[in-house]
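Okay, here's what each chain looks like letter by letter:
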Number of protein chains: 2
Amino acid sequence: MRLDFNNILANQIGREHGLSRSELNGFINQYSHIIKETDQERQNGKLPFLDLGYEDISCIEKIAKKQSRYFQDFVVLGIGGSALGTRTLHNALNPPFYNLLSSQQRKNHPRLFVLDNVDPEETAALFKLINPKKTLFNVISKSGETVETLAAFLSAIKILKKALGKDYKKNLIITTDPEKGFLRKFALTEGVVSFEVPDGVEGRDSVLSPVALLPAAFTGINIKGLLQGARAMDKRCTESTPQNNPAYMVALINFLLDTRKNKNIVVLMPYTNALKELCEWFKQLWAESLGKRYSLDGKEIFTGPTPLSSIGATDQHSLIQLYNEGPNNKLIIFIEIEKFLDSVKIPKLFKNEPNVDFLQGKSFNELMKAEKKGTEISLTQNHRPNYTIRLPYISEETMGGLIYFWELTTVYAGNLYNVDVFNQPGVEAGKKAAALLLGKR
Amino acid sequence: MRLDFNNILANQIGREHGLSRSELNGFINQYSHIIKETDQERQNGKLPFLDLGYEDISCIEKIAKKQSRYFQDFVVLGIGGSALGTRTLHNALNPPFYNLLSSQQRKNHPRLFVLDNVDPEETAALFKLINPKKTLFNVISKSGETVETLAAFLSAIKILKKALGKDYKKNLIITTDPEKGFLRKFALTEGVVSFEVPDGVEGRDSVLSPVALLPAAFTGINIKGLLQGARAMDKRCTESTPQNNPAYMVALINFLLDTRKNKNIVVLMPYTNALKELCEWFKQLWAESLGKRYSLDGKEIFTGPTPLSSIGATDQHSLIQLYNEGPNNKLIIFIEIEKFLDSVKIPKLFKNEPNVDFLQGKSFNELMKAEKKGTEISLTQNHRPNYTIRLPYISEETMGGLIYFWELTTVYAGNLYNVDVFNQPGVEAGKKAAALLLGKR
């Protein structure tokens with residue numbers, strides 16, 4: 001992973017919207033104490049998700065290896081952090097159109113469905129689509145008490161029992177708190193196979209725990225590689241100087257552009273369809289962690305950048321008009337893939353056609369690169385700050401690294417914004433109101 | 001369709017963030033002249049997309065009826081406005097998991113793929129997945145010169161020619177400008193079946209033209225119903241008083257909350273997965289139409305609300321924390337479906353379990369309603385403006401109406417913001433730079 005911060009600098013986009021090199025260097029020093037403080041928090045056991053890369057995952061690998069061939073379908077019942085990590089890994093690391101491939105093309109791994117809403121039409125359709133006897137349901141909830149997940153869980157038990165009778169438990173795996181909550185109790189009393197979401201690991205930081213590793217392993221993703229990538233990124237961030245710590249630099253630049261230059265909207269824009277779901281995961285991570293009413297010292301601050309996402313090149317034909325010409329209140333973060341794993345060559349079919357002459361003989365890969373560069377140039381000319389994260393390619397290792405990177409970046413950002421990144425009090429009121437409306441006492 | 005604007009009023013969310021009833025009434029009168037002006041523009045032939053509901057679409061119906069059973073797959077090659085309308089209709093009106101259903105369940109209609117990026121991995125995977133002999137490619141570009149679409153088109157021709165020789169043209173339909181552009185010329189010289197994007201209809205307003213109606217008809221969507229819905233909405237907006245014209249009211253309220261109350265972010269939040277793609281279409285429509293550097297009188301204004309989307313109930317576990325507790329700079333627009341077309345009942349399986357007692361016996365439909373209401377209550381308590389668009393159900397008629405409604409709303413909004421909603425100059429610089437990088441002379 002390489003970072004290119006040129007286009008946030010004043011010499012590229014002007015003093016009003018960019019930082020001068022010396023200003024930036026000053027800030028790098030001024031705030032670098034948060035790196036040590038974060039490290040201290042980690043030593044004190046307060047950031048256990050940063051150590052997930054060092055866990056023993058052989059149980060997950062073992063059960064996946066043993067069981068995956070016996071199931072046609074793997075259905076995740078989970079919402080928010082219990083779903084977004086799986087979606088991210090699946091989108092990035094399994095082949096496009098995975099569920100449409102033959103069983104052989106999937107190397108006998110099951111199809112994957114993530115049911116992360118209580119949409120009646122979608123749920124009913126899925127229950128008609130699958131054969132319960134051949135379906136493994138993985139019910140995931142950190143608390144074990146998430147309303148939407150429990151609703152889906154009850155409905156799934158019903159169709160499983162109808163199809164399998166007492167044997168229904170064989171088609172169920174529960175991932176939840178080690179001790180507390182309804183799902184843990186159920187797993188214990190009924191003897192259902194279960195995995196633990198380790199203490200202190202919140203939904204949005206649970207990708208590298210059984211929450212997302214189990215579904216990933218069942219679809220054939222090399223989960224060891226994910227952890228390896230996370231460890232390499234850990235090493236890179238821990239052992240480098242502040243200006244070479246990518247997580248610190250990204251957290252700092254996002255913070256500075258928001259608080260000094262009024263860029264309170266952050267757009268994550270990968271140039272690949274394979275990172276669409278990563279964007280959704282990032283939006284949750286960023287919004288839930290940083291969108292806070294109170295500072296750590298109890299002041300009312302109503303803070304938090306608003307994350308959005310766009311996909312290149314597609315959204316050049318959608319939101320780019322606004323990014324280029326609308327209010328200059330956004331920071332664009334490109335993700336560029338240096339080497340795609342497949343290619344499409346544009347054939348030479350026409351002669352003397354100015355509309356296609358320059359395209360013929362090129363590859364889609366070159367086209368993507370040029371499109372990204374073109375958008376970058378136009379944003380920079382319009383004084384819109386933007387920077388680029390370059391991945392050499394998409395693999396288990398680079399994805400593990402990228403996920404770890406964003407998680408650590410978010411912790412740093414929380415320190416800079418001076419907020420508690422681990423709570424979500426703003427969600428409770430709505431939950432309570434909904435439960436009351438449903439008659440909860 | 002019904003609208004509920006209560007939660008944008010000061011008596012609900014306070015004077016700082018809401019409008020008083022009398023203020024709102026004043027504004028309704030003050031700006032109502034734009035309704036007549038828009039009507040005048042329409043009489044002058046400047047808004048032809050508002051009349052698409054009255055077009056003769058029998059050719060589209062005929063070709064779809066005749067040919068759809070002969071193709072296993074229908075592939076749209078188009079980007080931006082050439083893709084988003086089809087995605088919207090497909091997501092809303094075809095069954096969930098459509099491409100995974102058997103041919104019989106799809107009533108012998110082809111599977112549908114929308115290739116709206118030049119992603120090498122996705123494109124290569126699709127070309128491996130389909131059988132070219134049994135695939136219809138619908139190449140869509142208003143100008144006939146869109147770089148990404150031409151790249152995909154050339155690649156598709158190659159695989160078609162390899163599979164079919166001279167007969168390859170039978171598997172191709174072109175939708176483009178009636179006269180101009182590379183694709184029109186190709187269709188004429190090669191004798192390929194083609195449809196027209198009518199003059200004056202831009203990509204983002206082309207849903208009810210052959211651009212999206214043709215793919216819709218091939219998958220069995222009742223396109224007559226779509227136009228019927230559009231006409232009914234036209235009638236409702238044209239014949240009512242300003243305060244009963246839903247498009248005027250929504251445009252006005254969005255404009256007022258942006259310009260008077262600093263809500264420069266607009267969140268569209270349907271409580272159904274069936275409108276996910278509608279959100280993407282809305283984001284393009286809103287961002288490209290209103291995100292502008294210059295006003296109609298040539299002043300530099302850098303204006304335009306930033307549209308985002310969330311899906312209920314899913315994103316209650318993601319962005320709602322930020323919406324409730326972050327900066328009060330957003331307007332939330334709920335879309336609520338009164339009657340879902342299928343239902344899931346939560347069975348009664350446990351006794352004396354406070355976590356599930358209140359859920360058991362309820363339906364997913366009730367759960368969705370309660371979740372939406374809960375979120376609405378919490379946002380309102382936190383002084384966050386929000387309003388609700390209620391659809392009785394999702395059908396061809398209501399979708400046609402909803403699309404027409406948003407298109408007209410955008411025209412009104414353009415009048416209020418005083419910008420040209422039909423151009424996209426901010427996209428040109430990036431396009432040119434990319435073409436130069438690819439060696440275009």
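Residues numbered from 1 in each chain as written. Chains lettered and ligands numbered in written order. Predicted model: local features only at pLDDT ≥ 70, side-chain atom pairs only at ≥ 80, totals over all residues.

Focus on the sheet that holds strand β10 (residues 306-309) of chain A
By way of backbone hydrogen bonds, the strands of a sheet pair with one another, either parallel or antiparallel. All names here are of chain A. Strand order in this open sheet of five strands is β1-β12-β11-β7-β10, and the pairing throughout is mixed. A strand with exactly one partner marks an edge of an open sheet, and here the two such strands are β1 (2-4) and β10. When the angles between neighbouring strand axes are averaged without regard to direction, this sheet yields 20 degrees. Sheet topology note: the strand β7 (residues 265-270)/β10 ladder contains four bridges and is parallel. When the sheet's bridge partners are listed, Val266 is paired in β10 with Pro307. (Pairing = 2+ DSSP bridges. Helix = DSSP H or I, 4+ residues; strand = E, 2+ residues; numbered from the N terminus. Axes fitted to C-alpha atoms, helices over the stretch in contact; angles between N-to-C directions.)

Side note on the nonpolar core
Residues Leu77 of chain A together with Leu77 of chain B are the most contacted members of the largest nonpolar core, which totals 267 residues. A total of twelve residues in this core trace back to one element, the largest contributor, which is helix α15 (residues 396-417) of chain B. Here Leu77 of chain A is in contact with Leu115, Phe137, Asn138, Val139, Ile140, Thr149, Ala152, Phe153 and Ala156 of chain A, once residues within four sequence places are set aside. (Core = buried A, V, L, I, M, F, W, Y, C linked by C-beta atoms within 7 Å. Buried ≥ 20, exposed ≤ 12 C-beta atoms within 10 Å, placed from the backbone. Contact = placed C-beta atoms within 7 Å.)

Describing the environment of Phe422 of chain A
As for its placement among the helices and strands, Phe422 of chain A is situated in the loop between α15 (396-417) and α16 (425-437). Between the C-alpha atom of Phe422 of chain A and that of Ile8 of chain A, which follows or precedes it by 414 residues, the distance is 29 Å.

Observations concerning the relation of the copies chain B and chain A
For the match of chain B to chain A, the screw axis carries a shift of 0.0 Å, the RMSD comes to 0.0 Å, and the turn is 180 degrees. Taken together, the rotation and translation describe the operation of a two-fold axis. Of the interface residues in chain B, 99% have counterparts in chain A that sit at the interface too, so the contact is made through matching surfaces. (Least-squares fit on C-alpha atoms with pLDDT ≥ 70 in both.)

Some thoughts on the domain arrangement of chain A
Where the parts come together, the accessible area they lose is often given as the size of the interface. Residue and element names in this part refer to chain A. Partitioning chain A into domains gives domain 1 (2-31 + 226-426) and domain 2 (50-221). Domain 1 and domain 2 are separated by 30 Å when their C-alpha centres are compared. Between domain 1 and domain 2, the contact holds 25 residues from the first and 21 residues from the second. At the level of secondary structure, the elements contributing two or more residues to the side of domain 1 that touches domain 2 comprise α10 (223-239), α12 (276-290) and α15. For the side of domain 1 that touches domain 2, the element with the highest residue contribution is α12, accounting for nine residues. Residue composition of the side of domain 1 that touches domain 2, grouped by class: 14 nonpolar, three polar and eight charged. (Domains from an automatic or database assignment. Nonpolar A, V, L, I, M, F, W, Y, C, P; charged D, E, K, R; others polar.)

Concerning the confidence of the model for chain A
When the pLDDT values of chain A are averaged, the result is 97; 100% of them are 70 or greater. The complex prediction reports pTM at 0.98, with the ipTM value standing at 0.98. (pLDDT = per-residue confidence, 0-100.)

Remarks on the sheet that holds strand β4 (residues 135-141) of chain B
All names here are of chain B. Strands sit in the order β3-β2-β4-β5-β6 across an open sheet of five strands; the sheet is parallel. Strands with a single pairing partner mark the edges of an open sheet, and in this sheet they are β3 (111-115) and β6 (194-196). When strand polarity is set aside, the average angle formed by the axes of neighbouring strands in this sheet is 15 degrees. In this structure, β4 lies alongside strand β5 (residues 172-176), joined through five bridges in parallel fashion. In the strand pairing of β5, Ile140 is matched with Thr175. The strands touched by helix α7 (residues 147-164) are β2 (73-77), β3, β4 and β5; relative to β4, the strand with the most contacts, the crossing angle is about 155 degrees.

Observations regarding helix α8 (residues 182-190) of chain B
Residue and element names in this part refer to chain B. Among the residues of α8, those classed as buried are Phe182, Leu183, Arg184, Phe186 and Ala187. Of the surrounding secondary structure, the elements contacted by the buried residues of α8 are β4, α7, β5 and β6. Directly after α8, the chain includes Gly191, whose backbone phi takes a positive value near 65 degrees.

Here we look at the interface of chain B and chain A
Facing 104 residues of chain B, the contacting portion of chain A comprises 103 residues. Considering each element in turn, the side of chain B that touches chain A owes the most residues, twelve residues, to helix α14 (residues 364-381) of chain B. A class-by-class count of the residues in the side of chain B that touches chain A yields 50 nonpolar, 35 polar and 19 charged.

Some thoughts on the environment of Glu277 of chain B
Residue and element names in this part refer to chain B. Here Glu277 shows up in helix α12 (residues 276-290). Classification of Glu277 by C-beta neighbours within 10 Å gives buried; the count is 21. Considering only alpha carbons, one finds Glu277 and His90, 187 residues apart in sequence, at a separation of 8.6 Å. Beyond its immediate chain neighbours, meaning those up to four positions away, Glu277 contacts Arg87, Thr88 and Asn91.

Quick notes on unusual backbone geometry
Only a minority of non-glycine residues have a phi that is not negative, and only a minority of peptide bonds are not trans. Residue Ala313 of chain A is bonded to the preceding Gly312 of chain A through a cis peptide linkage, with omega at -5 degrees. Backbone geometry at Asn352 of chain A places phi at a positive 55 degrees, although glycine is not the residue there. Position of Asn352 of chain A relative to the elements: it lies in the loop between β11 (330-337) and α14 (364-381). On the basis of neighbour counts, which here come to 6 C-beta atoms within 10 Å, the residue Asn352 of chain A falls in the exposed class. A positive phi is found at Phe302 of chain B, a non-glycine position, where the angle reads about 40 degrees. The topology assignment puts Phe302 of chain B in strand β9 (residues 300-303).

Some details on the pairing of strand β11 (residues 330-337) of chain B
Residue and element names in this part refer to chain B. Counting buried residues in β11 gives eight out of eight residues, a clear majority hidden from the surface. Neither face of β11 is exposed, since Lys330, Ile332, Phe334 and Glu336 on one face and Leu331, Ile333, Ile335 and Ile337 on the opposite face are all buried. Inspection of the sheet shows strand β7 (residues 265-270) paired to β11 by six bridges, in the parallel sense. Paired with Met269 across the bridge in β11 is Phe334. The pairing of β11 with strand β12 (residues 386-391) spans six bridges and is parallel. Of the residues in β12, the one forming a bridge with Phe334 is Thr388. Remark: the β11/α14/β12 crossover connection has right-handed handedness. (Right-handed = clockwise from strand over helix to strand, strands pointing away.)

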